[in-house]
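Here is what each chain is made of, one letter per residue.
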Amino acid sequence: MGLVRIDLSFSTTRTPKYHFFVLVAKRECPHRNMYLAAGPYFLARLSNAPSLQNTFQPTELTVSTLANLSSMLILTYKQQNASYPKRIIYALLINITVFTLMSISTLWQTEPTLYFAFLMIMILVSSIASGLMQNGIFAYMASFGREDYTQGHMTGQAIAGVLPSIVQIASVLSVPSSSETDNNPGQAAKEESKTAFAWFLTAVVVTLVTLVSFLYLLVVNRRMTAPLARIVHYDATTNAHGED
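Treat the numbers as computed from the prediction; the structure is a model and nothing was measured.

Enquirer: Help me get a handle on helix α3 (residues 50-76), residues and values and all.
Expert: Taking 1.5 Å as the rise per residue, α3 with 27 residues should run 39 Å; its terminal C-alpha atoms sit 40 Å apart, in good agreement. The principal kink in α3, of about 45°, is found at Phe-56, preceding the proline Pro-58 by one to four residues.

Below, the structure written as C-alpha cells:
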C-alpha cells in the first residue's frame with residue numbers, strides 16, 4: 001500500500017494561521033514603541049530627579065538592546081528539542097504581566113529613584129520576552145514551509161508601524177489644552193496618567209487577544225495533523241507487515 005498524501009494547505013492565504021501571523025506582528029508594535037511613545041510620561045514621573053531624566057532614554061535603549069540581543073543569542077544556541085510554541089506562549093504571558101504592572105504603576109506616585117529602577121526592570125524583562133517571541137515566531141512560521149505566512153507577518157509589521165502615531169495623536173487630542181492645564185498642574189498630571197494607563201491597558205488587551213488566537217491556532221493545527229499522523233503510522237505498519 002503506497003503512502004497516502006493529504007494536502008493540508010489552503011488555496012488562499014486568508015487562513016487562520018495567516019491572520020495570526022499578521023496579528024502577532026501588530027502585537028510586536030506596542031512592545032517596541034510603548035516605552036518610546038510613553039517617554040514624555042516617564043520624564044514627567046522623573047521630573048523631581050533631573051539626573052535620572054537626563055539618563056533615562058540612553059539607559060532605556062541600552063538595557064533594551066542588550067537584553068534583546070543576549071536573549072536572541074542564547075536562544076539561537078538552544079535549538080535542540082526546543083518547543084517554539086512554548087516560547088511564544090511564555091513571551092506573551094511575560095508581556096501580559098509586564099503591561100499589567102505598567103498599567104497599575106500609573107495609579108500611584110512613587111519616588112523617582114524607585115520608579116526608575118522599576119522601569120528598567122520592566123524594560124529588561126519585556127526585552128527578553130521580545131527575544132523569545134522573535135525566535136519562536138519565525139521558527140514556527142518556517143515549520144509550515146509557506147512563504148505567504150512570512151509575507152503576512154511582514155505586512156502586519158508594516159501596519160503596526162502606523163499604530164503608534166495614531167495612538168499618540170489620539171492621546172494628544174484627549175489631553176486638555178495647555179491653557180487649561182497650566183493653571184492646574186495637578187489636572188495635567190492626572191490626564192497624563194490616564195493617557196499612559198490607556199496605552200498600557202491597550203497593550204494588555206492586544207497581547208491577550210494574541211495569546212487566545214495562538215492557543216486556538218494550536219488546537220486547530222493539532223486537529224488537522226492528527227488524521228495525517230494516523231495514516232502515516234498505518235501505512236508504515238502495513239509496509240512492515242508486508243515485508244515480513
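That covers the picture; the talk isn't over yet.
Enquirer: Give me the packing of aromatic side chains: which residues, what numbers.
Expert: Under the definition given, this model contains 5 aromatic pairs. Taking 5.6 Å as the distance between ring centres and 65° as the angle between the ring planes, the aromatic pair formed by Phe-42 and Phe-56 counts as edge-to-face. Placement of the pair is Phe-42 in helix α2 (residues 39-45) and Phe-56 in helix α3, with a sequence separation of 14 residues. As far as the burial class goes, Phe-42 and Phe-56 line up, both buried. With centroids separated by 6.2 Å and ring planes inclined at 15°, the aromatic side chains of Phe-42 and Phe-200 adopt a geometry described as stacked. With a gap of 158 residues between them, Phe-42 in helix α2 and Phe-200 in helix α9 (residues 185-243) connect regions that are remote in the sequence. Among the residues examined, Phe-42 registers a relative accessible area of 0% and is labelled buried. Taken together, the ring pairs in this structure connect Tyr-41, Phe-42, Phe-56, Tyr-115, Phe-118 and Phe-200 into an aromatic cluster. It is Arg-45 that lies over the ring of Tyr-115; its NZ or CZ is 3.9 Å from the centre.

Enquirer: Now, about a nonpolar patch on the surface: what can you tell me, with residues and values included?
Expert: Among the surface-exposed residues, Leu-101, Ile-104, Leu-107 and Trp-108 lie close enough to one another that they form a single nonpolar patch of about 390 Å² accessible area. Judged by relative accessible area, which is 44%, Trp-108 ranks as partly exposed.

Cut-offs applied
- Residues numbered from 1 in each chain as written.
- Predicted model: local features only at pLDDT ≥ 70, side-chain atom pairs only at ≥ 80, totals over all residues.
- Heavy atoms only, no water.
- Helix = DSSP H or I, 4+ residues; strand = E, 2+ residues; numbered from the N terminus.
- Expected span 1.5 Å × (residues − 1).
- Bend = angle between axes of the 7 residues up to and from the residue.
- Phe/Tyr/Trp six-rings, centres within 6.5 Å; stacked < 30°, edge-to-face > 60°.
- Buried < 20%, exposed > 50% of the residue type's maximum accessible area, 1.4 Å probe, protein only.
- Lys NZ or Arg CZ within 6 Å of the ring centre and 35° of its normal.
- Patch = residues over 30% accessible without salt bridge, like charges linked within 9 Å, V, L, I, M, F, W, Y side chains within 5 Å.
- Areas by Shrake-Rupley, 256 points an atom, 1.4 Å probe, with all protein chains shown as cover.
- Salt bridge = Lys/Arg side-chain N within 4 Å of Asp/Glu carboxyl O.

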